[in-house]
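Architecture at a glance
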Amino acid sequence: MNTVTVKNVTLGSGSPKIIVPLVGKNEIELIEEAKHLLTIDCDLVEWRVDFFDRVADFQAAAEMSKKIAAILTDKPVLFTFRTKQEGGEIPFSDEQYFGLYKTVIENGAIDLLDVELFMDEELVQQTIEAAHEKEIKIVMCNHDFDKTPAKEEIVSRLCSMQKKHADICKIAVMPQCSDDVLTLLEATNEMKKVHADRPIVTMSMGQLGMVSRMCGEVFGSAMTFGAAKKASAPGQVPVNELREILQTLAF
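Residues numbered from 1 in each chain as written. Predicted model: local features only at pLDDT ≥ 70, side-chain atom pairs only at ≥ 80, totals over all residues. Heavy atoms only, no water.

In the annotation of an unreviewed UniProt entry, the entry for the protein chain reads 3-dehydroquinate dehydratase, and the organism field reads Candidatus Enterococcus palustris. Under the heading Catalytic activity (unreviewed entry), UniProt records this for the protein chain: "3-dehydroquinate = 3-dehydroshikimate + H2O". In its Subunit (unreviewed entry) section, the UniProt record describing the protein chain reads: "Homodimer." (UniProt positions renumbered as here; feature names shortened; annotations may be inferred.)

To continue, consider the environment of Val-239. Among the structural elements, Val-239 can be located in helix α8 (residues 239–249). For Val-239, a relative accessible area of 5% translates into the label buried. Put simply, Val-239 and Ala-227 are twelve residues apart on the chain and 5.4 Å apart in space, counted from C-alpha to C-alpha. In this structure, Val-239 is in contact with Ile-18, Val-20, Ile-40, Asp-41, Cys-42, Ala-227 and Ala-228, ignoring residues within four places of it in sequence. (Helix = DSSP H or I, 4+ residues; strand = E, 2+ residues; numbered from the N terminus. Buried < 20%, exposed > 50% of the residue type's maximum accessible area, 1.4 Å probe, protein only. Contact = heavy atoms within 4.5 Å.)

UniProt marks His-143 and Lys-170 with the feature "active site" (unreviewed entry), using the numbering shown here. A stretch of 28 residues holds the annotated residues, and the largest C-alpha distance among them is 8.6 Å, short enough that they meet in one place. You can see His-143 is positioned in strand β7 (residues 137–144). Judged by relative accessible area, His-143 falls into the buried class, the value being 11%. In this view, His-143 contacts Arg-82, Glu-86, Lys-170 and Ala-172; residues no more than four positions away in its chain are not counted.

In an α-helix, one turn spans 3.6 residues; hence positions three or four apart end up facing the same way. Here helix α3 (residues 94–107) is 14 residues long and its end C-alpha atoms lie 20 Å apart, about the 20 Å a rise of 1.5 Å per residue gives. Residues of α3 that are buried: Tyr-97, Phe-98, Gly-99, Leu-100, Tyr-101, Thr-103, Val-104 and Ile-105. Where α3 is buried, its residues contact α2 (58–71), β5 (77–80), β6 (112–116) and α4 (121–133). (Expected span 1.5 Å × (residues − 1).)

Axis separation between helix α5 (residues 151–163) and helix α6 (residues 178–195) bottoms out at 9 Å; the angle between their running directions is 45°. With respect to α6, the axis of α5 lies oblique. Every pair of crossing elements has a handedness; the one defined by α5 and α6 is right-handed. Where α5 approaches α6, its residues Lys-151, Ile-154, Val-155, Leu-158, Cys-159 and Gln-162 are matched on the opposing element by Thr-183, Leu-184, Glu-186, Ala-187, Glu-190, Met-191 and His-195. (Axes fitted to C-alpha atoms, helices over the stretch in contact; angles between N-to-C directions. Parallel < 35°, antiparallel > 145°, perpendicular 65-115°, else oblique. Left-handed = near helix turned anticlockwise from the far one by under 90°.)

The structure is reproduced here in structure tokens:
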């Protein structure tokens, strides 16, 4: 499997890297939160820009990304607009989604860009090409907040992300029972052993799926999400506890 290195962080080797969400609603909150993350033991930061109250002003979002990057100089920043249909904060049209991404790629300061798998295929490819020209890595993702698809479907979606030239392939699913958590882990293990030629990130959400956020080194998930102040998805473990658990489980 190929690894992906962003700044001084290498994904796809060793223990899963810890990423924490940045979810401030305005510039004051974001700057305060970014400074707080300097004191947190994490490897990457995900700016969930769908929480930002000026997200519809694309240039304002691009300028805010520069201010965040200036604070988090050593931590890679993943820029994410999570759509409403995949658990995000606000509705956004496809035109807005790709317009925001185009502006931030051209005028912002980000290291990685989150792109959802089931968006318009042509616009996704244009966005990926534009990001790669700026040496921005793509985290392609899919979220199912209702259920856990069959193992074959999870593997199929991750393989589809590889074919679309994502640098990192991510899926998050919701378990209804312990068997669903096993399904996610089995799919992760098969992907790692048989199909993956780049880092993958998988998780089973909620309290029931919490174990999946901690055992990535065993099954093949390269990154795990921890909560600093506010979680951005159900089941995120406080980051200080998460690091201890990962170190305990390390090979």
